[in-house]
Each structure stands twice: as C-alpha cells, then as structure tokens.
Amino acid sequence: MTDTTVPAASGAPSFTDGQPRRRRTGWRLVRGVWKLLVAVKDGLVLVAMLLFFGLLFAALNARPGTKAIAPGALLLDFDGAVVEQPAEPAAFAALSGREAPRQYRLRDVIRAIDAARTDARVKAVVLDLDRFGGAYPAPLGEIADALVRVRQAGKPVLAYATGYTDASYRLAAAASEVWINPQGGALFAGPGGTQLYYKGLIDKLGINTHVYRVGRYKSFVEPYTRTDQSPDARAASQALYGSLLDQWIGGIKQTRPKAQIAAFLGNPQALVVAANGNIAQANLRAGIVDKLGDRFAFGQRVAKIVGSESGKPIGSFRTIGYDAWVGANPLSTAGDAIGVLTVAGDIVDGKAGPGTAAGDTVSKAMLDGLATKNLKAVVVRVDSPGGSAMASEQIRQAVLAAKRRGLPITISMGGVAASGGYWVSTAGDHIFAEPNTITGSIGIFAILPTFESALAKIGVTADGVRTTPLSGQPDLFAGTTPELDAILQANIENGYREFIGRVAQARRMTPARVDEIGQGRVWDGGTARQIGLVDQFGGLSDAIAYAARQAKLDPAKVHAVYLEKEPGWLARFAGSVADRDDDSSSPAGDSFARIAAERRGLVAQALGDARRLAMGGSVQARCLECGGIGPSLSQEQDARLLDLILARVGL
C-alpha cells in the first residue's frame, strides 16, 4: 500500500503538534491571568495598609493646638535630653517595645516657657525632672533664665524629682519651690570623670593604631595611643571643667543665694553623715531644696495653686501638656525671613536625618533655602563637637554661597561648637556664644588601625608583590609603609594649616596667633570671647536680631525660617506613637540606681569607641572633652550595641 500523505512545508504547523501548542498557549494564558490577579491582590493589600497607617498617623498626629487649652499648670515632664535638633525616631521603634528616650528641641522649650509667662491660662509651671536626660551647660542656662522670667512675671515655678543631678538641679534651682522625695536625694558630681583608655588592650590584641595628628591638645586620639591622660590634656581639661563648674555654681547662687552649694560640692559626706545618712534631709538643711514630699504630696501642693483635676485621684492637678502647648504657640511667620541653618550633632560625610550634621544634607538645605526662600540674612546655628573635616568644609562652602549673594551671615553657637563646629563657624561675619558654650578645639587628626601583629599571633601572615611604595596601601593586614605614613601626616599638617588660615582670616588674626590658641585646645565661651574666637554673648534670638539689623531690618518685624530637612511621614508616625506611650518611660530611681545607670553607660561607651575605631577613617576635626559634659550624641547607638551583645550572650 502506497503512502499518499503529503509532508508539511518547512516551518508550517502540522496536524499532529497543533493540539499540544494550543494547550501550552492556554496554560500561558491561565498563568498570566493568575499573575495579574495576584498583582491586583497585592496592590489592594498595600493600598489598604497605607490607608490604615495613614489614618492611624493622622489620628495620632492631630495638631495638639487644635484643642482648647484649659487653665492649669504647664507640665514640663522632661523624659529625655534637651538638644538643638532632635534625632529622627526609628520607624516603629515604639511598636517594637524598645524604649528610646525622647529628645526635646531647645527652641521649642524656650518658646513654650516664654509663652507661659504672659498667658493667663497658665497658672504655674511645673518641672518633673525624674527622667531628665540632661543638656549642655549653655542650653541649661537658657532654660533657667526663661524660668526666672516666669517667676518675675509673678507666676510660681515648682520642681520635683526623686533625686537631682547636676543638670536637673540647674533647672530646679530656678524654681520658686524645689521638692525632693524623702527617700531620694541630690548629690552633685561636677563636670569631668573617667575616660577609658584602650592602649593596653590594643597592644594585647596586637592592633597597630597609626595616628596622624596636629595639635598639642588634640586629645581625641589619646585613648588609642596612651594608657592615661597626657599632662597637656589634663591641664586643658582642668581649666575647661573648672570654668564650667564655676559658672554652674554662679548660676545656682544667682537663683538660690541661700543654698550651701559649695559645701555640698566640697564636703558632701560630712553633711550627709550629720543627717544620719539621710541625703534628702541633708539637702533640706543645706537649703538645696525647700520641701520633702512624695509625688502625692507634691501634687496636692500644685493643686492648691492651679486647681485639682475633676474625676481623678487626690494629688492630681490641672495640667497643660507640653506638646499641646507647643502646638498652640507656633513660630511666627510675620515679617521678612531670616534663614536659620542648623548644624547639629556629629558632622559626617554624605546624607543623614535630623540630629546629625551630614555634609550633603545640610549643604542642600542651605542651597535650597537660597533658591526657594526670600531670605534677607542667614544665621548658622552650630551645636556640634565636630567630625569629618571634609563635611565641615562642604557645609562652610554652602554658607559662603549665601555670603556671595550679599546676605549677612551670623553664627550662633549652642551648647558646643568645637573642632568641625568651629570650622563651619569661620564662614560667619559675627559669632554669638554663651559664656559656657564649649568651643575651640582647632586641630585635626586621623586614625588608621592595622592588624598585622594580631594576625601573626594566630599564625596568619601577609606577603605579595609591590610595584610602587603605595601598592596595596593602606594595607590592613601587612601594615602601612613609611611612605604612606609620611604622606598622610603631611596631609594632616596641610589640613591644619588650612584650618588656622580660615580662622585667621575670619577672626582677623595672624596665623601664628591662631596656632598659639589652637593646637586642639578647648575653651569655654567666656574665655573664647577674651581671646577673640567669639564676638558677643547671646543666644539664638540675639543672633537673629543682630542679623536683621545687619540687613537693615527691624528685628521686631522678622521671622526665622529654619533650613532643616523635615522628617518623613513614617518618622513622624513613629514619633507620635512614642510621644503618647506614657507607660514606656523608665521609672525614676534613687542615687544607687543612677550610679548603676552611669556604669552601664560607661560599658556602652567602650563598645561604641571600639566600633568607631574600626569604622573610622576620614580626616577628623572632633572634640573629646565635649562628650563628658553634655548628653552623648552617640549614646543611643552605643546603648543599642550593648543591648545586642547582651541579648546574644543571654543576659
């Protein structure tokens, strides 16, 4: 039988394979439809989640000022530190159960207290300082002065704490009544304390720290190169801390002249032993406090002045919440605009959120302000112990862009404006500071760790071929070469010459004179004014008024425009949750609890220092002494690192 089947043309579908192809096409269509349905489902879920969190955020972040303010006591329950620019809270940190101390913006605190002075709804101001996280001396003085203005207006100011620290008592001393828990007590330490030195540990581990520095007093590198404080650094610290202590005592005496503060600083054990070990009773006898009483008694006292809260237990009083009060008293927007550029926190390269002075972020805020705001003058508010020299110069150049447009540039130093903070300040025409502002520290350094000795201890060595003296350099495993060391040291010396040159030009001094008062030495604001590093005493409002006059404007007819990166909605949401979580704050403790917390902080600092040594590298203009006076800018990061390690080891 003859086969009569005609073969299919090349490339044409045959009868036999048509059905499978149709089946494959059908499956592809089904899979495509299924993927489309899944994508639609995922999109709807995402939209629903965004709507949910958006509505929740809107509910939690409703403007406090939209609610009527009822008469009562303005309650300043500071459960964290007062800073120039609060750091952005970590997204969902409050929801995760981690307790992070709150940060209060200094200008908001001052504005809230000054508004209370003239508003009839505020019958008194109440300070709850049990959980106060501190501040640098200059901001403490500004807040205390604002509280004195409230008293001068005829309104009572009452303070309460289980135990006062140096920082909290600086505020409490400005009150008309100071209360303390009978089971607590106030003990004052003064500035200074222990600094950890890691040279012995570094030697045991076999780590080689290559230090490139200029500045006789540039002590930031000493913890990695010495086992103790150098005589030069000790002398500089004694002068700085002694001046700050004298100013602290002077501030206390001015507001509480009868307080035996000198005796409680110089011979506290005698006063406490004489009171049979009762610290609170010793405080009362010395005039440090006015009343002994627990929160219940203190609340009853406040209720007699402002009235009790109906429907609440005895001891409650009518309060005006801080957030509601700040919201009800917003910044003025009337008149011409004076730009205020905030340089707060560690100065770092790149980008960062609020609370860190990142070169890209701060310079962009300045340039955007020049482009979009009708600025008549610029005030640079500096509150930084320094950091990256490159980022400091980047910020300085952005400020100079405003000067090239003919705008007057005024510098306002906050709690600290040292090292890189002073580098930025050289862009200004006039510098304001407080007598206890920490400034200076004109000097730079760099630290480079290498691990050749450490590796040799475990039998690991390094070798290879080099075509030039810089091949493979810097080599973390085989060490640096003399040629690289010479280059890096020369680069640091050149950077120092640039630093003193900028200061000399800005302050109309000779480079030799700047070198004499520089060398990395840190000064208080009073001394800095005497030697020409500062022009005038005053706060941010004084600097804004001066800038307005320089622009030929009436200071009463201008308003500040803050050139800062606004936090994102997610960060604002996290902050709203944290602000309303009243049960999350740590309870107050007695003197022993405070000592335990300080020791934990010292351990966290050691871990943080190790991390900073390993991750550092850029040329730095940073102040070591500044960290022992005010709240640590890296304290939260160090605490998280300690928590992580303790969790890993099961503690």
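The preceding data block contains the structure.
My aim in this report is to walk through the structure given alongside it, one point at a time. (Residues numbered from 1 in each chain as written. Predicted model: local features only at pLDDT ≥ 70, side-chain atom pairs only at ≥ 80, totals over all residues. Heavy atoms only, no water.)

### Some words on the packing of helix α13 (residues 359-372) against helix α14 (residues 389-404)
Phase 1: It is at 8 Å that the axes of α13 and α14 come closest, and there the two elements cross at 5°. In terms of orientation, α13 and α14 fall into the roughly parallel class. Here α13 contributes G359, D360, V362, S363, M366, L367 and L370 to the contact with α14, which in turn contributes A391, Q394, I395, A398, V399, A401 and A402.
Phase 2: Classifying every residue of the contact of α13 with α14 gives 10 nonpolar, three polar and one charged. (Axes fitted to C-alpha atoms, helices over the stretch in contact; angles between N-to-C directions. Helix = DSSP H or I, 4+ residues; strand = E, 2+ residues; numbered from the N terminus. Parallel < 35°, antiparallel > 145°, perpendicular 65-115°, else oblique. Contact = heavy atoms within 4.5 Å. Nonpolar A, V, L, I, M, F, W, Y, C, P; charged D, E, K, R; others polar.)

### Description of the sheet that holds strand β1 (residues 72-77)
Strand-to-strand pairing in sheets goes through backbone hydrogen bonds, with the strands running parallel or antiparallel.
Phase 1: Spatial strand order, β8-β6-β5-β4-β1-β9: six strands in an open sheet with parallel pairing. Because the sheet does not close on itself, it has two edges, and the strands there are β8 (291-292) and β9 (319-320). (Pairing = 2+ DSSP bridges.)

### Considering the layout of surface pockets
Phase 1: Of the pockets and cavities examined, the second largest pocket occupies roughly 1000 Å³.
Phase 2: Forming the boundary of the second largest pocket are 38 residues, of which I110, D114, E142, R149 and S541 lie nearest the centre.
Phase 3: Elements with a contribution of two residues or more to the lining of the second largest pocket: α2 (106-118), α3 (137-152), α7 (231-255), α20 (540-550) and β21 (558-563).
Phase 4: A per-element tally of the lining of the second largest pocket places α3 first, with eight residues.
Phase 5: When the residues that make up the lining of the second largest pocket are grouped by side-chain class, the tally is 15 nonpolar, 11 polar and 12 charged. (1 Å grid on protein atoms, 1.4 Å probe; cavity = no way out; pocket = protein on both sides within 12 Å on 5 of 7 lines; lining within 4 Å. Points joined across faces, edges and corners; volume = space filled by probe spheres on them.)

### Structural notes on the nonpolar core
Phase 1: Grouped together as the largest cluster of nonpolar side chains are 58 residues, with contacts concentrated most on V125, L129, I143, Y164, Y169, I288 and W325.
Phase 2: Counting residues per element, this core draws most heavily on α2, which supplies seven residues. (Core = buried A, V, L, I, M, F, W, Y, C linked by side-chain atoms within 4.5 Å. Buried < 20%, exposed > 50% of the residue type's maximum accessible area, 1.4 Å probe, protein only.)

### What to know about the packing of aromatic side chains
The description of an aromatic ring pair rests on the distance of the ring centres and on the angle between the ring planes.
Phase 1: Overall, the coordinates contain 14 aromatic pairs when judged by the stated rule.
Phase 2: For the ring pair F78 and Y104, a centre distance of 5.2 Å and an interplane angle of 70° mean the geometry is edge-to-face. You can see F78 sitting in the loop between β1 and β2 (80-83) and its partner Y104 sitting in strand β3 (residues 102-105), a full 26 residues away along the chain.
Phase 3: Residues Y164 and Y169 carry aromatic rings whose centres are separated by 5.9 Å and whose planes lie at 70° to one another, so their mutual orientation is edge-to-face. Y169 carries the same exposure label as Y164, and that label is buried.
Phase 4: Here the aromatic residues Y164, Y169, F188, W248 and F264 are joined through ring pairs into a cluster of three or more.
Phase 5: Just above the ring of Y562 sits the side chain of R107; from NZ or CZ to the centre is 3.5 Å. (Phe/Tyr/Trp six-rings, centres within 6.5 Å; stacked < 30°, edge-to-face > 60°. Lys NZ or Arg CZ within 6 Å of the ring centre and 35° of its normal.)

### Let's talk about unusual backbone geometry
Phase 1: The linkage connecting Q473 with the following residue, P474, adopts the cis geometry, with an omega of -5°.
Phase 2: Structurally, the position occupied by P474 is in the loop between α16 (452-457) and α17 (482-507).
Phase 3: Of note, N276 is a non-glycine position whose phi angle comes to about 60°, a positive value.
Phase 4: By secondary structure assignment, the location of N276 is in the loop between α9 (268-274) and α10 (279-285).

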